[in-house]
Amino acid sequence: MKTKTKNIKIYCDITKCIGCRSCEMACAVEHSKSKNIYNALKEKPLPKKRVKAESSGKIIISLHCQHCQDAPCITACMSGALSKDEKTGATIQDKEKCVGCWMCVMACPFGAIVRDVENHIAVKCDLCPDRDDYACVVACPTGALFAGTEEEFRKRIEEKKAKEK
Amino acid sequence: MKYVIIGGSAAGVNAAEVLRKNDKKCDITLISEEESLLYSRCLLTYLIAGSIGEEKLYFKDRDFYKANKIKTYLGKKAISIDRKKKEMLLDDETKVLYDKLLIATGASAKTVDIKGADKRGVFTVRNIEDARRIIKMLDKVKHVVVLGGGLIGLKDAYALRVKGKEVTVVVRSQHVLSQMVDPEAATIIAGKLAASGIKIETCVAAKEIKGKGAIEEVVLDNGKTIKCELVIIGKGVEPNVEIAKKSGLKVDQGITVNQYLETSDENIFAAGDVAETRDIARGTPRVNALWPCAVAQGRVAAFNMLGKKQIYEGSLSMNSVDFFGLASISMGITKPKEGGSEIINATRGENYKKFILKNNIIVGMVLVGDISAAGVISVLIKRKIDVSSIKDMLYEDSFNYAKMLPLVRKFKDKFSEEEFRDTVISYKL
């Protein structure tokens, strides 16, 4: 597993997201056995995405696990599958321990944990442990997605706003 | 400081963990009637069903107590508390002194008071020993009767059906899960169970369990008899308040606590299935004997024991079950009694949604089939958000976090955590 820096998560610039679902596709492929889109499409069961492009009127957001500081999914998990990575602050899942009780689905305020019905386990953003970068961010054609710390994302948005003025 | 915890399950162990994390030097003592390390009770039916092995029940590493320097009395029962001396007595006559005490004694399975209920082959499924005993005799069992059609009874029935047993569930109420969901949702869920071969008898109770030595049949109060070799009592739980009562603490259904989870004695706290906390949806004290509530309460109680004041947000009845691929989640008030509630519901095949609102605040929900919006709704319930602007979208299949984003932006004080603020950083519409 690749070691990633502390407090990283995926942010979405709502003003740039067009809801093209490239992130969803890239996420599913990254979590396939082959990690190749053509072969991934033939896999049974189909690989599952852990990100959702959601919309409401004009608002479109590519939504990911927020790796909450006091994560309600961890509190709710009755099988001990979810925990905090003390080093990175990420909310991580031990798939072997998950029994598919959906308590985490019930607890996540972002709806960022989804059911993998075929394998009967919950799946969520794992920050791409098999690669140095992040599949969804790489795939995003508009630059809406950003992997970094809150500070870095805030700076990025402020710089963008300054340019627009 | 000497911290003592009675109870080694969700609330007790989480409290111990918080205590140790925040105070490296204090003395922590944990007393538990059970000898095993923290395991998840909620997984016992998964164990019976054979979908997991016993090793997966365990929640913490084997050396958890040692690594956290927690002194333990396992397999011991606390029998009395001398609140003046701040001293406890265990059943082996050991005396344990405390500065701050946490009662997290949990709950016990309810039993039934009928003839034959003491026979061999009648079980409740509350602890690891119960599950082991049931598994041991399963080879010889063909027919099972489960008494109780609530969540516990149905999970027991499901596990045994997965094991290929002929299962009959005896339900006193008009429909299954009467505490958890409304009749509409119950009908869908019962249909799924029936399709899998589980027989459900409603509006009836068991009168007697018969058999010479081993169990042979259960007699119902409508005269019917059901052949069986195993009876499971799945009637829910009752808080273990004995020691609290004996030591003069204020007890109602569970141990009465304030918003800091402090009992009527300022040096004694209570958390988990034994504590009666404020129910968020109902606004009244209630025992919500649920794993997530126990974990949260254990942690909050520990902070307050440490003197780092933390308010417990309140508990909420909530349950998630999955029977043969049909998922159901319920939360808060699902069957409003008094008037003044607005009910939004929608059914499509096996998908059913119901929301109960009071003054534009969601106080309860039932989701069957598509449960993807459950978490988003749960935060709206917990934080009592006025949803009038998004009410029409609630029942839509696509209801999701994006729909509540304007509310996150608007109610800054209700969504003050970083993770919520992060989602609206770029929001300018």
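None of the values given here were measured: they were computed from a predicted structure.

**Student:** Residues and numbers for the overall build of chain B, please.
**Tutor:** The helix and strand inventory of chain B stands at 11 helices and 26 strands. The C-alpha radius of gyration computed for chain B amounts to 23 Å, which stays within 12% of the reference 22 Å derived for 429 residues, consistent with globular compactness. Across the 429 residues in chain B, those meeting the buried criterion constitute 46%. Counting contacts in chain B only where the partners sit at least 6 residues apart, residues at least 24 apart contribute 61% of the total.

**Student:** Any details on the overall build of chain A? Residues and values, ideally.
**Tutor:** Check the secondary structure of chain A and you find six helices and eight strands. Going from the N terminus to the C terminus, chain A shows its helices and strands as β-α-α-β-β-α-β-β-α-β-β-α-β-α. The globule rule puts the C-alpha radius of gyration for 165 residues at 15 Å, and the 16 Å found for chain A is close to it. When the backbone C-alpha atoms are referred to their principal axes, chain A occupies close to 50 × 40 × 35 Å.

**Student:** Go over the packing of helix 1 (residues 10-22) of chain B against helix 8 (residues 291-305) of chain B, please, and point to the residues and values.
**Tutor:** Residue and element names in this part refer to chain B. It is the contact of helix 1 with helix 8, at a shortest axis distance of 7 Å, that shows an interaxial angle of 35 degrees. The interaxial crossing formed by helix 1 with helix 8 has right-handed handedness. Here A10, A11, G12, N14, A15, V18 and L19 of helix 1 lie close against helix 8, whose contacting residues are W291, A294, V295, Q297, G298, R299, A301, A302, F303 and M305. For the contact of helix 1 with helix 8, the class distribution of residues is 12 nonpolar, four polar and one charged.

**Student:** Requested: an account of the interface of chain B and chain A, with residues and values cited.
**Tutor:** Facing 40 residues of chain B, the contacting portion of chain A comprises 39 residues. Looking at the side of chain B that touches chain A, the elements with two or more residues in it are helix 8, strand 22 (318-323), strand 23 (326-332), helix 9 (374-382), helix 10 (401-410) and helix 11 (418-422) of chain B. It is helix 9 of chain B that contributes the most residues to the side of chain B that touches chain A, five residues altogether. When the residues that make up the side of chain B that touches chain A are grouped by side-chain class, the tally is 23 nonpolar, nine polar and eight charged.

**Student:** Tell me what's going on with the sheet that holds strand 9 (residues 122-124) of chain B, and back it up with residues and numbers.
**Tutor:** Residues and elements named next belong to chain B. The strand order across the open sheet formed by five strands is 9-16-10-11-12, and the pairing between neighbours is parallel. Each edge of the open sheet carries a strand with a single partner, namely strand 9 and strand 12 (199-201). Between one strand axis and the next, the sheet turns through 20 degrees on average, direction left out of account. In terms of strand pairing, strand 10 (residues 143-147) meets strand 16 (residues 230-233) through four bridges, oriented parallel. Along strand 16, the bridge assignment pairs V145 with V231.

**Student:** Hey, could you go over helix 1 (residues 22-30) of chain A for me, with residue numbers and the actual values?
**Tutor:** The buried count for helix 1 of chain A comes to seven of nine residues, which makes it a mostly enclosed element. Check the buried side of helix 1 of chain A and you find it contacts helix 2 (37-40), strand 2 (52-56), strand 3 (59-63), helix 5 (135-139) and strand 8 (145-148) of chain A.

**Student:** Now, about the sheet that holds strand 6 (residues 95-97) of chain B: what can you tell me, with residues and values included?
**Tutor:** All names here are of chain B. Spatially, 4-5-6 is the arrangement adopted by the three strands of the open sheet, whose pairing is antiparallel. Two strands close off the open sheet at either side, each with one partner strand: strand 4 (78-82) and strand 6. The average angle at which neighbouring strand axes cross in this sheet is 25 degrees, direction not considered. Here strand 4 pairs with strand 5 (residues 87-90) via four bridges, running antiparallel. Counted as the bridge partner of A78 is L90 from strand 5.

**Student:** Quick rundown of the nonpolar core? Include the residues and the values.
**Tutor:** Judged by nonpolar contacts, the single largest core of 187 residues is most densely connected at C104 and C136 of chain A together with A15, V231 and A271 of chain B. In contact with A15 of chain B, not counting residues within four places along its chain, are I5, L102, A104, A271, G298, R299, A301 and A302 of chain B.

**Student:** Which residues make up the domain arrangement of chain B, and what values do they have?
**Tutor:** With domains assigned, chain B is organised as domain 1 (2-108 + 238-305), domain 2 (122-233) and domain 3 (325-422). Here domain 1 of chain B and domain 3 of chain B have C-alpha centroids that lie 32 Å from each other.

**Student:** Kindly report on the domain arrangement of chain A, identifying the contributing residues and their values.
**Tutor:** Residue and element names in this part refer to chain A. When the domains of chain A are assigned, the result is domain 1 (7-64 + 131-153) and domain 2 (68-124). Spacing between the C-alpha centres of domain 1 and domain 2 amounts to 19 Å. Grouping the amino acids of the side of domain 1 that touches domain 2 by side-chain chemistry returns two nonpolar, two polar and two charged.

**Student:** Go over unusual backbone geometry, please, and point to the residues and values.
**Tutor:** The amide bond that connects K44 of chain A to the next residue, P45 of chain A, takes the cis arrangement and shows omega of -5 degrees. Of note in the backbone geometry, K384 of chain B takes a positive phi value of approximately 50 degrees without being a glycine. Tracing the sequence through the fold places K384 of chain B in the loop between helix 9 and helix 10. For K384 of chain B, a count of 18 C-beta atoms within 10 Å puts it in the partly exposed group.

**Student:** Got a sec to walk through the confidence of the model for chain B? Specific residues and values, please.
**Tutor:** Mean pLDDT over chain B works out to 95, with 100% of the residues at or above the 70 mark. Across the interface, the model reports ipTM at 0.94; the global pTM reads 0.94.

**Student:** Please provide a residue-by-residue account of the environment of M404 of chain B, values included.
**Tutor:** All names here are of chain B. Within the secondary structure, M404 is located in helix 10. When the 28 C-beta atoms within 10 Å are taken as the criterion, M404 is described as buried. Those residues within four positions of M404 in sequence are excluded, and the remaining contacts are V376, L380 and I390.

**Student:** Let's hear about the environment of F411 of chain B: which residues, and what values?
**Tutor:** Residues and elements named next belong to chain B. Residue position: F411 is located in the loop between helix 10 and helix 11. Accessibility expressed as a C-beta count within 10 Å gives 16 for F411, which makes it partly exposed. Along the chain, F411 and I385 lie 26 residues apart, while their C-alpha atoms are 8.3 Å from each other.

**Student:** Describe helix 6 (residues 150-164) of chain A, and please don't skip the residues or the numbers.
**Tutor:** For helix 6 of chain A, built from 15 residues, the straight-helix expectation of 21 Å at 1.5 Å per residue is met to within 8% by its first-to-last C-alpha distance of 21 Å. Little of helix 6 of chain A is tucked away, with one of its 15 residues classed as buried.

**Student:** Give me the lowdown on the environment of S389 of chain B, citing residues and values where you can.
**Tutor:** Note on placement: S389 of chain B falls in the loop between helix 9 and helix 10. As for S389 of chain B and S264 of chain B, which are separated by 125 residues in sequence, their C-alpha atoms are 42 Å apart.

**Student:** Account for the pairing of strand 22 of chain B, with residues named and values stated.
**Tutor:** Residue and element names in this part refer to chain B. As paired strands, strand 22 and strand 23 are joined by six bridges and run antiparallel to one another. Paired with D322 across the two strands is A327, which belongs to strand 23. Hairpin connection from strand 22 to strand 23: two residues lie between these consecutive antiparallel strands, with F324 at a positive phi of about 50 degrees.

Thresholds, definitions, all that
Residues numbered from 1 in each chain as written. Chains lettered and ligands numbered in written order. Predicted model: local features only at pLDDT ≥ 70, side-chain atom pairs only at ≥ 80, totals over all residues. Helix = DSSP H or I, 4+ residues; strand = E, 2+ residues; numbered from the N terminus. Rg over C-alpha atoms; globule rule 2.2 N^0.38 Å. Buried ≥ 20, exposed ≤ 12 C-beta atoms within 10 Å, placed from the backbone. Contact = placed C-beta atoms within 7 Å. Axes fitted to C-alpha atoms, helices over the stretch in contact; angles between N-to-C directions. Left-handed = near helix turned anticlockwise from the far one by under 90°. Nonpolar A, V, L, I, M, F, W, Y, C, P; charged D, E, K, R; others polar. Pairing = 2+ DSSP bridges. Core = buried A, V, L, I, M, F, W, Y, C linked by C-beta atoms within 7 Å. Domains from an automatic or database assignment. pLDDT = per-residue confidence, 0-100. Expected span 1.5 Å × (residues − 1).

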